[in-house]
Amino acid sequence: MNKELNSIGLNKKPSDTKVVVAMSGGVDSSTVAGMMKKEGYEVIGITLSSLDSFELTNPRITKTIITKDLFERKQEFFNHSDAFIVLPGGVGSLDELTEVLVSNQVGIINKPVGILNTNNYYDSFFKWYDHSVKSGFVSEANYSQLIVDTNPDKLLNRVLEAKMPEDDSWLERLNVPK
């Protein structure tokens with residue numbers, strides 16, 4: 001996995017763009033955090049108090065925010081992020097991805113979401129997501145907002161350049177019968 005982490009491409013930040021990297025605060029995030037800090041990014045670790053008690057805090061992050069539960073942790077991610085990029089991961093990554101997608105869908109947030117599909121990792125998720133659209137559970141408008149790429153540099157640029165719909169148009173993007 002270190003090869004994938006070393007190739008995420010976030011070290012090529014446009015000079016006029018301020019990027020804060022909010023991520024888990026554990027040592028498992030040290031490769032990405034180290035790269036980001038070296039390139040001048042502010043790196044915020046957001047972790048749970050239950051994990052902080054036994055997991056070593058990543059020494060390469062700029063700031064650590066300790067939350068009491070997953071709901072508070074997600075809120076901190078929302079508060080500190082203007083966009084989201086999801087890397088290959090486990091159940092926690094999937095939970096955070098779907099939380100962001102649903103929050104965009106129902107108008108809680110209005111932020112770009114990108115997925116780095118390294119080695120086709122998320123292909124099964126996309127198959128399910130596409131089926132959800134065809135079955136009428138997700139609108140095409142919401143589905144089409146997801147930004148996917150296998151190239152980290154292209155993904156970052158696409159996320160940074162993404163134009164989101166107006167905040168008040170979220171209701172129009174739902175599959176609600178009129």
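Preceding block: the structure.
Presented here is a report on the structure given in the accompanying data block. Please read these numbers as outputs of a predicted model, since none were measured by experiment.

Quick look at helix α6 (residues 123-134)
Then, number 1: With twelve residues, α6 extends 16 Å from end C-alpha to end C-alpha; this agrees with the ideal 16 Å at 1.5 Å per step.
Then, number 2: Where α6 is concerned, the buried positions are Phe125, Phe126, Tyr129, Ser132 and Val133. Buried positions in α6, seen along its axis, are confined to an arc of 115° and lie on one side of it. For α6, the exposed residues lying more than 90 degrees away from the buried face are Ser124, Lys127 and Lys134.
Then, number 3: Those residues of α6 hidden inside the fold are in contact with α5 (91-105), β5 (113-116), α7 (140-143) and β6 (146-149).
Then, number 4: Where α6 terminates, the next one or two residues include Gly136, which has phi positive at roughly 90°.

Details of the sheet that holds β5
Then, number 1: The strand order β4-β5-β6 describes an open sheet built from three strands, whose pairing is parallel. Each of the sheet's edge strands pairs with one partner strand only, and the pair in question is β4 (84-86) and β6. Strand-to-strand twist of the sheet, defined as the mean angle between neighbouring strand axes without regard to direction, takes the value 20°.
Then, number 2: Bridge count for β4 against β5 is three bridges, and the pairing is parallel. Bridge pairing in β5 links Phe84 to Val113.
Then, number 3: Relative to β6, α6 is tilted by about 150°, and along the sheet it contacts β5 and β6.

As for the environment of Ser103
Then, number 1: Structurally, the position occupied by Ser103 is in helix α5.
Then, number 2: On the basis of relative accessibility, which here comes to 3%, the residue Ser103 falls in the buried class.
Then, number 3: The spatial distance from the C-alpha of Ser103 to the C-alpha of Phe78 is 9.7 Å, given a sequence separation of 25 residues.
Then, number 4: Leave out the neighbours within four places in its chain, and Ser103 touches Phe78, Ile108 and Ile109.

As for the pattern of salt bridges
When the charged atoms of two side chains lie near each other, side chains of opposite charge can form a pair.
Then, number 1: Taken as a whole, this structure holds five salt bridges when the rule is applied.
Then, number 2: Between Lys74 and Asp95 there is a salt bridge, and its shortest N-O distance comes to 2.7 Å. Within this pair, whereas Lys74 is found in helix α4 (residues 70-80), its partner Asp95 is found in helix α5, the two being separated by 21 residues in sequence.
Then, number 3: Classification of Lys74 as buried rests on a relative accessible area of 9%.
Then, number 4: Between Asp149 and Arg158 there is a salt bridge, with its nearest N and O atoms 3.2 Å apart.
Then, number 5: Taking relative accessible area as the criterion, Asp149 reaches 15% and is therefore assigned buried.

Remarks on the packing of α4 against α5
Then, number 1: For the pair α4 and α5, interaxial distance at closest approach is 11 Å and the crossing angle is 60°. Overall, the two elements α4 and α5 adopt an arrangement that is oblique. When you trace α4 past α5, the crossing you get is right-handed. On the side of α4, the interface is formed by Arg73, Lys74, Phe77 and Phe78, while α5 contributes Asp95, Glu96, Glu99, Val100 and Ser103.
Then, number 2: The residue inventory of the contact of α4 with α5, partitioned by class, reads three nonpolar, one polar and five charged.

Side note on the pairing of β5
Then, number 1: Both faces of β5 are covered, namely the face carrying Val113 and Ile115 and the face carrying Gly114 and Leu116.
Then, number 2: With respect to chirality, the unit in which β4 leads through α5 into the neighbouring parallel β5 is right-handed.
Then, number 3: Across four bridges, the pairing between β5 and β6 is parallel. The partner of Val113 across the bridge, within β6, is Leu146.

So, the nonpolar core
Then, number 1: Judged by nonpolar contacts, the single largest core of 20 residues is most densely connected at Leu97, Leu101, Ile115, Phe125 and Leu146.
Then, number 2: Of all the secondary structure elements, the ones that give two or more residues to this core are β2 (42-48), α4, β4, α5, β5 and α6.
Then, number 3: If you tally residues by element for this core, the top one is α6, at four residues.

Procedures and definitions
- Residues numbered from 1 in each chain as written.
- Predicted model: local features only at pLDDT ≥ 70, side-chain atom pairs only at ≥ 80, totals over all residues.
- Heavy atoms only, no water.
- Helix = DSSP H or I, 4+ residues; strand = E, 2+ residues; numbered from the N terminus.
- Expected span 1.5 Å × (residues − 1).
- Buried < 20%, exposed > 50% of the residue type's maximum accessible area, 1.4 Å probe, protein only.
- Arc of directions from axis to C-beta.
- Contact = heavy atoms within 4.5 Å.
- Pairing = 2+ DSSP bridges.
- Axes fitted to C-alpha atoms, helices over the stretch in contact; angles between N-to-C directions.
- Salt bridge = Lys/Arg side-chain N within 4 Å of Asp/Glu carboxyl O.
- Parallel < 35°, antiparallel > 145°, perpendicular 65-115°, else oblique.
- Left-handed = near helix turned anticlockwise from the far one by under 90°.
- Nonpolar A, V, L, I, M, F, W, Y, C, P; charged D, E, K, R; others polar.
- Right-handed = clockwise from strand over helix to strand, strands pointing away.
- Core = buried A, V, L, I, M, F, W, Y, C linked by side-chain atoms within 4.5 Å.

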